[in-house]
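# Structural description and commentary
Given next are the chains, with one letter for each unit.
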Amino acid sequence: MSLKKIKVLITGASGLLGRQILDYLENKNLQLEKPVDNVENYVFECLGLCHSRAKNKLRPIDLNNFGQIDDLIQEFKPDVIIHAAAVRKVESVENDFEGALKLNKDATEHLAKIAGLHTKQAS
């Protein structure tokens, strides 16, 4: 049986949800009782993205800069993208509705689109 590394890209990794996901997966060794495709051990290589509060191993990025996102995905080549970034506070949305819409809708759509393209290229 063998070991497989899964590359995971996590947006919003400085936030509450993203930070928990990153902490959980980082250096996690998942052992299966029954192998899948002759793989019984999985390890995760995580790249955490953030807009602000970039500390430790987090990489700052503007999710509204689609060129930056495309370049990063091409460079890191993730197997999985976990999108945990969002403008979630009501006051923030009310104060900058267009900005919130760009991140919560447009950036999310772009990540889904680029993930789909990346998946097709890997097939």
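Here, the structure is the one placed above.
Residues take numbers from 1 onward in each chain, read along the sequence in its written order. Per-residue local features of the predicted model are confined to residues with pLDDT of at least 70, and side-chain atom pairs are confined, for both listing and counting, to 80 or more; whole-chain, interface and lining totals are unaffected and use all residues. With hydrogens and water set aside, each side-chain value is computed from the structure's full complement of heavy atoms.

### Considering the nonpolar core
Our working rule: We call a set of buried residues a nonpolar core when its members are Ala, Val, Leu, Ile, Met, Phe, Trp, Tyr or Cys and they connect through side-chain atoms within 4.5 Å of each other. Throughout this description, buried means an accessible area under 20% of the type-specific maximum (1.4 Å probe, protein chains only), exposed means over 50%, and partly exposed covers the range between. Starting at the N terminus, helices and strands are each numbered in turn, a helix being any DSSP run of H or I of at least four residues and a strand any DSSP run of E of at least two. Contacts were defined at the residue level, with two residues in contact if any of their heavy atoms lie within 4.5 Å.
By size, the foremost hydrophobic cluster in this structure holds 14 residues, and its most contacted members are Leu9 and Leu63. Going through the elements one at a time, strand E3 (39-50), helix H2 (66-76) and helix H4 (97-122) are the ones with two or more residues in this core. Those residues in contact with Leu63, other than ones at most four positions away along the chain, are Thr11, Ile69, His83, Ala85, Leu103 and Ala107. If you look at the next biggest cluster of nonpolar residues, it comprises 13 residues, including Ile6, Val8, Leu22 and Cys46.

### Thoughts on the side chain of His110
With respect to the helices and strands, the residue His110 is situated in helix H4. Leaving out residues up to four positions away in the same chain, His110 has contacts with Phe66, Ile69 and Asp70.

### Quick look at the layout of surface pockets
Over the atoms, a rolled probe matching the size of one water molecule traces out where space is still vacant. For the record, the criterion: The rule is simple: put a 1 Å grid over the protein atoms alone, call a set of points where a 1.4 Å probe fits but cannot get out a cavity, call an open set with protein on both sides within 12 Å along at least five of seven lines a pocket, and count a residue as lining if it has an atom within 4 Å of a point. Grid points are joined across faces, edges and corners, and a volume is the space filled by probe spheres set on the points. Residues are sorted three ways: Asp, Glu, Lys and Arg are charged, Ala, Val, Leu, Ile, Met, Phe, Trp, Tyr, Cys and Pro are nonpolar, and all the rest, Gly among them, are polar.
One number sums up the size of the largest pocket: a volume of about 790 Å³. As for the largest pocket, its lining consists of 28 residues, of which Arg53, Ala85, Ala86, Val87 and Leu103 are closest to the centre. The biggest single contributor to the lining of the largest pocket is helix H1 (residues 16-25), with 4 residues. The residue inventory of the lining of the largest pocket, partitioned by class, reads 12 nonpolar, 10 polar and 6 charged. Size it by volume and the second largest pocket reaches roughly 230 Å³. Its residues placed into classes, the lining of the second largest pocket shows 3 nonpolar, 2 polar and 6 charged.

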